[in-house]
Amino acid sequence: FVRERIMSNTTTTRRRPRAVAFSQFSELVFIPKDDKMECNKSYSTQERRRFRQELIREVRMISREIENIPAKNITLKQLFRCVGIEVFVTQGLARHVAEKKRAHIDAVLSAQRLQREQCVCDIEKLSMVSRMGSQWARDRAETLGKGYSRILN
């Protein structure tokens, strides 16, 4: 179906397919349990709750520990403990990041919906909308990487 649209649309040039496709709906696939499967492939509700509680505890502990320390005085040990949870350590940043992610998803889905209504399939346009909507995340990752690199070197 998509190939037909791409082929019939004279304004679209054929390029290699993108590795990411956005969808408004998720897909759930059931895999029958094999007798050879000894281990559990997912976490129980209790395990997920425990992981979340541990994350919250760790974030609170680190936040209290570094809240009044100037960035240049943070130790390597403190810095390493922040890796991966930076978004939670800073007040309000988690909410801001969640809002930015939601806006990005909405922008891509809106562009897809518009193309579907117009019977057009412009993968490059969708790619551009996605790139523009996620530029903030790439900039943030680069800034974090440079910051960590500066401190570690």
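Relevant structure appears above.
Residues numbered from 1 in each chain as written. Predicted model: local features only at pLDDT ≥ 70, side-chain atom pairs only at ≥ 80, totals over all residues. Heavy atoms only, no water.

With respect to unusual backbone geometry
With phi around 55°, C119 is a residue other than glycine that occupies positive phi space. Locating C119 in the fold gives a position in the loop between α5 (93–117) and α6 (123–152). The class for C119 is exposed, based on a relative accessible area of 57%. (Helix = DSSP H or I, 4+ residues; strand = E, 2+ residues; numbered from the N terminus. Buried < 20%, exposed > 50% of the residue type's maximum accessible area, 1.4 Å probe, protein only.)

Concerning the layout of surface pockets
As a volume, the second largest pocket reaches approximately 490 Å³. As for the second largest pocket, its lining consists of 18 residues, and the residues nearest its centre are A71, I74, L79, L144 and Y148. Mapped onto the lining of the second largest pocket, the elements with two or more residues apiece are α3 (76–82), α4 (86–89) and α6. Among the elements that line the lining of the second largest pocket, the one with the most residues is α6, at seven residues. (1 Å grid on protein atoms, 1.4 Å probe; cavity = no way out; pocket = protein on both sides within 12 Å on 5 of 7 lines; lining within 4 Å. Points joined across faces, edges and corners; volume = space filled by probe spheres on them.)

Details of the nonpolar core
By size, the foremost hydrophobic cluster in this structure holds eight residues: V59, I62, I66, L79, C82, I85, V89 and Y148. Elements that contribute at least two residues to this core include exactly α2 (45–66) and α3. Considering every element that reaches this core, the biggest residue donor is α2, with three residues. Those residues in contact with Y148 that sit more than four places away from it in its chain are L79, C82, V83 and E86. (Core = buried A, V, L, I, M, F, W, Y, C linked by side-chain atoms within 4.5 Å. Contact = heavy atoms within 4.5 Å.)

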